[in-house]
Amino acid sequence: MIERRVVVTGLGLICGVGNTACEVWEGLMAGKSGMAEITAFDLTGHTVRLAAEVKNFDPLKFVEKKESRKMGRFIHFALAASEEAMKHSGLTVTDEISDRVGVHIGSGIGGFDVIEREHTALMNGGPRKISPFFIPATIINLAAGHVSIKYNAKGPNEATATACTTSAHSIGDAYRIIQRGDADVMIAGGTEAAITPMGVGGFAAMKALSTRNDDPTHACRPFDKDRDGFVVGEGAGILILEDLEFAKARGAKILAEVIGYGLSADAFHMTGMAPEGEGCSRSMSHAIKSAKISADEIDYVNAHATSTPLGDALESQAIENVFGDRAKNGTLLVSSTKSMTGHLLGGAGGLEAGITIMAMQHQIAPPTMNLVEADPQCRLNYVPNKPQPAKIDIALSNSFGFGGTNGSLVFKRWTE
């Protein structure tokens, strides 16, 4: 069977840096931080007081008020990002093509905000006070479900929940769905809204978060020797993927081609990476092999790097393992945009896939901000503190999650 080529025709991004793909890119180029003191809830008793919240977001721009009350915030973000991506792509889903259009949108956590709200209702008023919309407002596949309903997308409808690798797996699996001919179009990516008392409190209890409460804009410091944990972000990243011939036939503007997808498991630890980043290395190597290219052809890596002491060092080691001298001598550009956006957990890979595509479009590598002095174990060219114009024809985006689940995507700059 001949594998079909898959291209990207639309982007929808929302995070603490901006509420559209254009705003996000402009913010990254300016080194803008999305991090500040949390406004979403009372911080009394919380040891971590900072996050990268989405600002000035009105869900009623994307969904009717009555319907919005039946959805968790993660669903609102998915609908907003999907609307931008669909408008960007110029695609109209007609009855003739509806069963060839699918949705693959995941979330690492889902409706934490609704779970907490309804638990309070239960404790205060008993079971009769639980909303009849509690379950559909919280379960992870309802983001994909609502997007499918909105756009009459009757093809494959799936949701992935693989922690911080969720979006990468969603996009990669959607890519393969089109490759094998089960759909012509997929709306794919991830969404997350975990800035809640239990979300932030739970990660803080694990000692996973930065505690730089007095300096939030500099709290996320990937690869820096003084990094002390990640900063929780929220938002969504959605791509429109299409079969190349389908996209050409409708005159779509093509943004990039998806050429590779790799997966692996560390099979090592609940939250920690395997020694020397061995699982991450295999994920990247599988993606490069899938793309039918050599590692030397990769120009830029958007790293998963969350600003945790162990994770950044092991991913750096993994990149050295895969890319060899090009990584060690600084020829390969590597950056962590989480230094500005925070960590969107299940939404991270979708956001960063979109950023990676824009880096190829603009031929600029976005920076790793707050990199004052690199950890001695982090020896790569991390594009420190300012964007770097560069030839970027092929780029790789990494996502790694709890449970040792890894995913890597390879994109190619589109030139006709």
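Reading the values: rules and limits
- Residues numbered from 1 in each chain as written.
- Predicted model: local features only at pLDDT ≥ 70, side-chain atom pairs only at ≥ 80, totals over all residues.
- Heavy atoms only, no water.
- Helix = DSSP H or I, 4+ residues; strand = E, 2+ residues; numbered from the N terminus.
- Contact = heavy atoms within 4.5 Å.
- Core = buried A, V, L, I, M, F, W, Y, C linked by side-chain atoms within 4.5 Å.
- Buried < 20%, exposed > 50% of the residue type's maximum accessible area, 1.4 Å probe, protein only.
- Expected span 1.5 Å × (residues − 1).
- Axes fitted to C-alpha atoms, helices over the stretch in contact; angles between N-to-C directions.
- Parallel < 35°, antiparallel > 145°, perpendicular 65-115°, else oblique.
- Left-handed = near helix turned anticlockwise from the far one by under 90°.
- Nonpolar A, V, L, I, M, F, W, Y, C, P; charged D, E, K, R; others polar.
- Pairing = 2+ DSSP bridges.
- Salt bridge = Lys/Arg side-chain N within 4 Å of Asp/Glu carboxyl O.

A closer look at the side chain of Ser82
- Residue placement: Ser82 occurs in helix α3 (residues 73-89).
- Those residues in contact with Ser82, other than ones at most four positions away along the chain, are Ile105, Val147, Tyr151, Ile187 and Ile238.

Some details on the nonpolar core
- Among the nonpolar cores identified, the biggest contains 45 residues, and Val8, Leu239, Leu241, Ile357, Ile392 and Phe411 are the most heavily contacted of them.
- The set of elements that each furnish at least two residues to this core consists of β1 (6-14), α1 (21-29), α7 (166-179), β6 (185-192), β7 (235-243), β8 (256-265), α14 (348-362) and β14 (405-413).
- A total of 8 residues in this core trace back to one element, the largest contributor, which is α14.
- With sequence-adjacent residues up to four places away left out, Phe411 is seen in contact with Val8, Leu239, Glu257, Val258, Ala353, Thr356, Ile357, Met360, Asp393, Ile394 and Ala395.
- Grouped together as the second largest cluster of nonpolar side chains are 33 residues, Val63, Tyr151, Ile238 and Ile240 included.

Brief notes about the side chain of Thr166
- In this fold, Thr166 is placed in helix α7.
- We classify Thr166 as buried; its relative accessible area is 0%.
- Apart from the residues lying within four places of it in its own chain, the contact partners of Thr166 are Gly106, Ser107, Gly108, Thr160, Ala161 and Gly346.

Here's the deal with α3
- Across its 17 residues, α3 extends 24 Å between first and last C-alpha, which sits within 8% of the 24 Å expected from 1.5 Å per residue.
- Within α3, 14 of the 17 residues are buried, leaving the element largely enclosed by the surrounding structure.

Considering the packing of helix α10 (residues 278-290) against helix α11 (residues 309-323)
- For the pair α10 and α11, interaxial distance at closest approach is 8 Å and the crossing angle is 40 degrees. Classified by the interaxial angle, the pair formed by α10 and α11 is oblique. As for the relative orientation of α10 and α11, their crossing is right-handed in sense. Note on element contacts: α11 touches α10 through Ala318, Ile319, Asn321, Val322 and Phe323, opposite Cys280, Ser281, Met284, Ser285 and Ile288.
- Partitioning the contact of α10 with α11 into residue classes produces 7 nonpolar, 3 polar and no charged.

Focus: the sheet that holds β6
- The 10 strands lie next to each other as β5-β4-β6-β7-β1-β8-β14-β13-β9-β10, forming an open sheet whose pairing is mixed. Here the strands that pair on one side only, and so sit at the sheet edges, are β5 (157-158) and β10 (333-335).
- Inspection of the sheet shows strand β9 (residues 300-302) paired to strand β13 (residues 394-401) by 3 bridges, in the parallel sense. Looking at the pairing, Val301 lines up with Leu396 of β13.

Description of the pattern of salt bridges
- Applying the stated criterion across every chain yields a total of 22 salt bridges.
- With a shortest N-O distance of 2.5 Å, Glu242 and Arg250 are connected by a salt bridge.
- With a shortest N-O distance of 3.6 Å, Asp393 and Arg413 are connected by a salt bridge. Of this pair, Asp393 sits in the loop between β12 (388-389) and β13 while Arg413 is found in strand β14, placing the two residues 20 residues apart along the sequence.
- Residue Asp393 is classed as partly exposed on the basis of its relative accessible area of 25%.
- A single salt-bridge network, built from bridges that share partners, covers Arg4, Arg100, Asp184 and Asp243.

Topic: α14
- Counted at 1.5 Å a residue, the expected span for α14 with its 15 residues is 21 Å, and the 21 Å between its end C-alpha atoms agrees.
- Among the 15 residues in α14, 13 count as buried, and that is most of the element.

Brief notes about unusual backbone geometry
- Non-glycine residue Leu345 carries a positive phi angle of around 55 degrees.
- Its identity as a non-glycine residue notwithstanding, Asn385 has a phi of 70 degrees, on the positive side.
- Note on placement: Asn385 falls in the loop between β11 (364-365) and β12.
- Using a relative accessible area of 34% as the deciding quantity, one classes Asn385 as partly exposed.

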